[in-house]
Amino acid sequence: MLEIKNLHVNINGSKILNGVNLKVNAGEVHALMGPNGSGKSTLALVLAGREDYKVTEGEVLYNGKNLLDLSPEDRAREGIFLAFQYPVEIPGVSNVNLLKTAVNEIRKYNGEEELDAIDFLDLIKEKMKLVELDQSFLKRSVNEGFSGGEKKRNEIFQMAVLNPRLAILDETDSGLDIDAIKVVANGVNKLRSKDNATIVVTHYQRLLNYIIPDFVHVLYNGRIVKSGGKELAMELEEKGYDWIKNGSEEVVSG
Amino acid sequence: MKDVINFKEWFLQKHNTFEDSLNGENTYLMHQIRKEALENFNELPLPTLKDEDWRYTNISPLLKYNFNIVTKDAKISNDTIQNYRFNNLKSHLIVFVNGQFSAENSKLLNLPNGVVIGSLSDAIKNNPEIVEKYFNKNTTNNHQIFAALSTAYTKDGAFIYVPEGKIVEDPIHIIFITSSKDEKIITQPRNLFIAGKNSQLTIIEHYISDKENIYFTNAVTEIIVNENAVVDHVKLQEESKNAFHIARMEVGQERNSNFTSHSISLGGALTRNNINALFNDEGSECTLNGLFLIEGEQLFDVHTLIDHAKPLCNSHEHYIGILDNKARGVFNGKVLVRPDAQKTNAFQKNKNIILSDQALINTKPELEIFADDVKCSHGATIGQMDEEAKFYLRSRGIADKTATAILIRAFSSDVIKSIKIKQIRNYLDELLSKRFSQ
Ligand SMILES: Nc1ncnc2c1ncn2[C@@H]1O[C@H](COP(=O)(O)OP(=O)(O)OP(=O)(O)O)[C@@H](O)[C@H]1O
Ligand SMILES: [Mg+2]
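None of these values were measured; they are calculated from a predicted model.

Novice: How do you make sense of the site of ligand 1 when you look at a structure like this?
Specialist: Residues and elements named next belong to chain A. The local shell around ligand 1 holds 15 residues, among which Gly 37, Lys 40, Ser 41, Thr 42 and His 203 are the closest. Note that an oxygen atom of ligand 1 is positioned 3.2 Å from one of the backbone N or O atoms of Ser 38. The backbone of Gly 39 places a nitrogen or oxygen atom 3.0 Å from an oxygen atom of ligand 1. Surface burial for ligand 1 is 64%, taken as the share of its 640 Å² of free accessible area covered by protein chains. Per-element accounting of the shell around ligand 1 gives the leading share, three residues, to helix α1 (residues 40–48).

Structure, rendered in structure tokens:
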């Protein structure tokens, strides 16, 4: 589904990603871990199409297409969804307006008819239950004045409505209490299927108790320095990142 | 090309032809008023960039043409007019074609006794005592060259008179349409709206054109809001992008009255609005809101003055500017709180968004406060498109242009949502999405 080959990315002239390689197949869940500033969000945002992040080398294939050629909206329409680490507040734009526009633009792109008001509302109501959000929330401005937890839940809610093929969750669990984490995990698990894939960016093994990953990768200094199964997350929780950092330096110097 | 005659000379010369075209509008009194105004027009200098009031607005493009005075009737189909009506809004309709009242296109609904909605031309003939009492009473008009030009050429415009205690339930939609083939014309709608004591009405002044022609609209609107009257006013400028539009609105408010105005503009080549609201007595409320969206090389200039001459009045002003390409905007908001005007509340806000590198806005709040027990505030901001928000929307599958339209709509929402008539809000939503999804 997704193949990242030797991806190098600059932000404002400084090198942030230094040759990332990653392959994600349909049906898989990948966890991406790594210390602060290692480039996890950069990778996620590049996949979503941030235009000011410059790809200097490498390529990304998504279902055989060159992903980097697509506009952010076309990536979303092709099934990519990023749950932002820091969801943006948009005063004056209601959640329901965003979703209605998004759903219908995506449907149009895929040659489907737009949803009428009633069908749309049915869809929304069904998905709201999934993330335990209150109806009144629909009319509020996107993320404006939301608590941290509400913002994260809103990302999962949007994901549920847009039903992506490749979901990238960037620290959707950070700052959440265990009940909220269960809600988020439940949202993700409901969407899991043999046709979809998920990349979960997290610092904490805790979330991975509820979303069981097939693979765990460690990003450090803009590269994936270690990959393994779900046990790797446990190991990281126990020992921290230092042993890997050291290891990676050895690799570099060796 | 024919030589262009000096702007002032031209209108001085044409005045005889104009007066000859008058019929019943040429009462003795009106003749005197016109004559005096023409003298003022003759004496007043044309504004230049050296005038503080015109510092950012160069009128020289306007002076390049001799605009013809229209004396013939032009015809407009009802279908054309229909395009500019608000969906599902029951309203009185009066239409002016090239400045002259068009009975054929107009249609009034049932009205309470004594209410007059129609043309100034008719009012001069049929209601001379009302016209005499209220017309051109604000003397500042005499010192403004474009207002003097309007007064000198007074012939027609919208006239509304609502007597004491009457309520006009449905909005009065006034359409001013300019239509000409190749001729460059001037139209000078001269509007007079009088809300009697305890009366209530809603007025929509709507300026349109059927083509992207060069012409000159020089409009003056006088609004008298008598004691405890409530007037809701909307002005919508959707004219030719090549039009010149100079407009002056004078509002006089008596005790406990309430006046609200929303001025929405897509601009022309050069637009200058002067809006003056004067509190003549205590206990009144005035809201002046506005939204302008300009692009290309359009110039839009709005000067407002809220004159707190009396105590215990509240004013609210909120202007939003959206500027693209090489457009230039000017917002000058003056609030004058005179020594007597204790317990004044005056709030002003001007918010602008610049969508290109070359667009420019000059914004200047001018608070002159001579009373000590007052609450006043003002704030002006100039910003750019929030790219993070735009990326967020695009990452949800929303096209770049749609995302821009959504964000512009959100930016404008404070002003749009304060418009009371839902059908107008819907109309503006459509205008905005059309404007930003081209
Ligand atoms: N707009 C920017 N301009 C300059 N540097 C940036 C910008 N955004 C991110 N960076 C830098 O890029 C590096 C990687 O940041 P990134 O946000 O991808 O890390 P992360 O792994 O997601 O960290 P965290 O765990 O804290 O979320 C950091 O050093 C950060 O300071
Ligand atoms: Mg991050």
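Novice: Help me understand the environment of His 217 of chain A, please; the structure alone is not making it clear to me.
Specialist: With respect to the secondary-structure elements, His 217 of chain A resides in strand β11 (residues 215–220). Taking the C-alpha atoms as reference points, His 217 of chain A and Leu 22 of chain A, 195 residues apart in sequence, are found 9.0 Å from one another.

Novice: What am I meant to see in the pairing of strand β6 (residues 172–178) of chain B here?
Specialist: The two faces of the sheet receive side chains in turn, since in a regular strand these alternate between them. All names here are of chain B. Within β6, seven of the seven residues are buried, leaving the element largely enclosed by the surrounding structure. Taking every second residue as pointing to the same face, both faces of β6 are buried, with Ile 172, Ile 174, Phe 176 and Thr 178 on one and His 173, Ile 175 and Ile 177 on the other. Taken together, the six bridges between strand β2 (residues 92–97) and β6 define a ladder with parallel strand orientation. The partner of Ile 94 across the bridge, within β6, is Ile 174. Both β6 and strand β9 (residues 200–209) contribute to a ladder of seven bridges, which runs parallel. Looking across to β9, one finds that Phe 176 is bridged to Tyr 207.

Novice: Honestly, the domain arrangement of chain B in this entry has me stumped. Any pointers?
Specialist: Accessible area lost upon the coming together of the parts serves often as the stated size of an interface. Residue and element names in this part refer to chain B. In terms of domain boundaries, chain B breaks down into domain 1 (7–281) and domain 2 (387–438). Between the C-alpha centres of domain 1 and domain 2 there is a distance of 31 Å. With 19 residues of domain 1 at the contact, the number on the domain 2 side is 10 residues. Around 1200 Å² of area is buried between domain 1 and domain 2 when both sides are counted, 72% of it from carbon and sulfur atoms. Per-residue buried area on domain 1 facing domain 2 is highest for Phe 86, His 262 and Ile 264; these three make up 36% of the total on that side. Taken together, the connections running from domain 1 to domain 2 amount to one salt bridge. In this structure, the salt-bridge partner of Asp 232 is Lys 420, at a minimum N-O distance of 3.9 Å. For the pair domain 1 and domain 2, the number of links is three residue pairs in polar contact (both at pLDDT 80 or more). Of all the secondary-structure elements, those providing two or more residues to the side of domain 1 that touches domain 2 are β9, β11 (230–238) and β13 (258–265). Element by element, the count of residues in the side of domain 1 that touches domain 2 is highest for β11, at four residues.

Novice: Hey, could you run me through the coordination of the magnesium ion (ligand 2) in this one?
Specialist: Ideal coordination angles are 109.5 degrees for a metal with four donors arranged tetrahedrally and 90 or 180 degrees for a metal with six donors arranged octahedrally. All names here are of chain A. In this structure, Ser 41 (OG) and Gln 85 (OE1) serve as the protein donors to the magnesium ion (ligand 2), at separations of 1.9 to 2.1 Å. Here Ser 41, found in helix α1, pairs with Gln 85, found in the loop between β6 (80–83) and β7 (90–94); they are 44 residues apart in sequence, far enough to count as distant. According to the relative accessible area criterion, Gln 85 is buried, its value standing at 16%.

Novice: I tried to follow the pairing of strand β9 (residues 166–170) of chain A on my own but got confused; where do I start?
Specialist: All names here are of chain A. Within β9, five of the five residues are buried, which leaves the element mostly enclosed by the surrounding structure. Here β9 shows a buried face lined by Leu 166, Ile 168 and Asp 170 and a second buried face lined by Ala 167 and Leu 169. Across four bridges, the pairing between β6 and β9 is parallel. Within β9, the residue paired with Leu 82 across the bridge is Ile 168. Where β9 lies against strand β10 (residues 197–201), five bridges are found, and the strand directions are parallel. What sits directly across from Ile 168, in β10, is Ile 199. Note on the crossover from β9 through helix α6 (residues 178–191) to β10: the handedness is right-handed.

Novice: Got a minute to help me understand the confidence of the model for chain B in this structure?
Specialist: For residues with low pLDDT, the predicted coordinates do not support detailed interpretation. Chain-level statistics for chain B give a pLDDT mean of 95 and a share of 99% at 70 or above. At the level of chain-chain contacts, confidence expressed as ipTM amounts to 0.95, with global pTM at 0.90.

Novice: What is the right way to read the interface of chain B and chain A from this model?
Specialist: Counting from both sides, the interface comprises 17 residues of chain B and, opposite them, 31 residues of chain A. Taken over both partners, the interface formed by chain B and chain A buries close to 1900 Å², and the fraction arising from carbon and sulfur atoms is 63%. Considering only the surface of chain B that becomes buried against chain A, Phe 391, Tyr 392 and Arg 396 of chain B emerge as the three largest contributors, covering 41% of it. The tally of links between chain B and chain A comes to four salt bridges. Our count for the contact surface shared by chain B and chain A stands at 12 residue pairs in polar contact (both at pLDDT 80 or more). For the side of chain B that touches chain A, the secondary-structure elements that each account for two or more residues are α7 (387–394) and α8 (400–417) of chain B. Residues that form the side of chain B that touches chain A fall into these classes: nine nonpolar, four polar and four charged.

Novice: What is the right way to read the sheet that holds β6 of chain A from this model?
Specialist: In a beta sheet, neighbouring strands pair by backbone hydrogen bonds and run either parallel or antiparallel. Residues and elements named next belong to chain A. Strand order in the open sheet formed by six strands is β6-β9-β10-β3-β11-β12, with mixed pairing between adjacent strands. Every interior strand has two partners, whereas the edge strands, β6 and β12 (223–228), have only one. Pairwise comparison of adjacent strand axes, ignoring direction, gives a mean angle of 20° for this sheet. Bridge count between strand β3 (residues 29–33) and β10: four bridges; the pairing is parallel. The residue bridging Leu 32 from the neighbouring strand is Val 201, located in β10. Strand contacts of helix α5 (residues 148–162): β6 and β9, with the helix running at about 170° to β6, the strand carrying the most contacts.

Novice: Would you mind going over the nonpolar core with me for this structure?
Specialist: Soluble globular proteins: nonpolar side chains tend toward being buried together. Core analysis: the largest hydrophobic core is formed by 114 residues, its most contacted members being Leu 2, Ile 4, Leu 7, Ile 90, Phe 157 and Leu 166 of chain A together with Ile 322 of chain B. Looking at this core element by element, the count peaks at nine residues for α8 of chain B. Shared between two domains, this core holds at least three residues of each, these being domain 1 (7–281) and domain 2 (387–438) of chain B. Among the nonpolar cores identified, the runner-up in size contains 43 residues, and Phe 193, Cys 313, Ala 359 and Ile 361 of chain B belong to it.

Novice: Just checking my understanding: could you explain the sheet that holds β13 of chain B for this structure?
Specialist: All names here are of chain B. Taken in spatial order, the 10 strands of this open sheet run β3-β2-β6-β9-β11-β13-β15-β17-β19-β21, and their pairing is mixed. Of all strands in the sheet, those bounded by a partner on one side alone are β3 (100–107) and β21 (374–384). Mean inter-strand twist for the sheet, computed between neighbouring axes without regard to direction, equals 10°. With respect to the sheet, α8 is in contact with β13, β15 (285–294), β17 (314–323) and β19 (344–354), its orientation differing from that of β17 by roughly 160°. Here helix α9 (residues 422–436) sits on the sheet and contacts β9, β11, β13, β15 and β17; the angle it forms with β11, its principal contact strand, is near 20°.

Novice: Is there a simple way to think about the side chain of Asn 143 of chain A in this case?
Specialist: In this structure, Asn 143 of chain A sits in the loop between β8 (141–142) and α5. A polar contact of 3.3 Å, which involves the side chain of Asn 143 of chain A, links it to the side chain of Tyr 392 of chain B. When near neighbours in sequence (up to four residues on either side) are disregarded, Asn 143 of chain A contacts Pro 87, Val 88, Glu 89, Asn 95, Lys 151, Asn 154 and Glu 155 of chain A together with Tyr 392 of chain B.

Parameters at a glance
Residues numbered from 1 in each chain as written. Chains lettered and ligands numbered in written order. Predicted model: local features only at pLDDT ≥ 70, side-chain atom pairs only at ≥ 80, totals over all residues. Heavy atoms only, no water. Near = heavy atom within 4 Å. Polar contact = N/O pair within 3.5 Å; in protein donor to acceptor, adjacent residues only side chain to side chain. Areas by Shrake-Rupley, 256 points an atom, 1.4 Å probe, with all protein chains shown as cover. Helix = DSSP H or I, 4+ residues; strand = E, 2+ residues; numbered from the N terminus. Buried < 20%, exposed > 50% of the residue type's maximum accessible area, 1.4 Å probe, protein only. Pairing = 2+ DSSP bridges. Domains from an automatic or database assignment. Contact = heavy atoms within 4.5 Å. Buried area = accessible area lost by both parts, 1.4 Å probe. Salt bridge = Lys/Arg side-chain N within 4 Å of Asp/Glu carboxyl O. Donors = N, O, S within 2.8 Å, 3.2 Å for Na, K, Ca; no water. Right-handed = clockwise from strand over helix to strand, strands pointing away. pLDDT = per-residue confidence, 0-100. Nonpolar A, V, L, I, M, F, W, Y, C, P; charged D, E, K, R; others polar. Axes fitted to C-alpha atoms, helices over the stretch in contact; angles between N-to-C directions. Core = buried A, V, L, I, M, F, W, Y, C linked by side-chain atoms within 4.5 Å.

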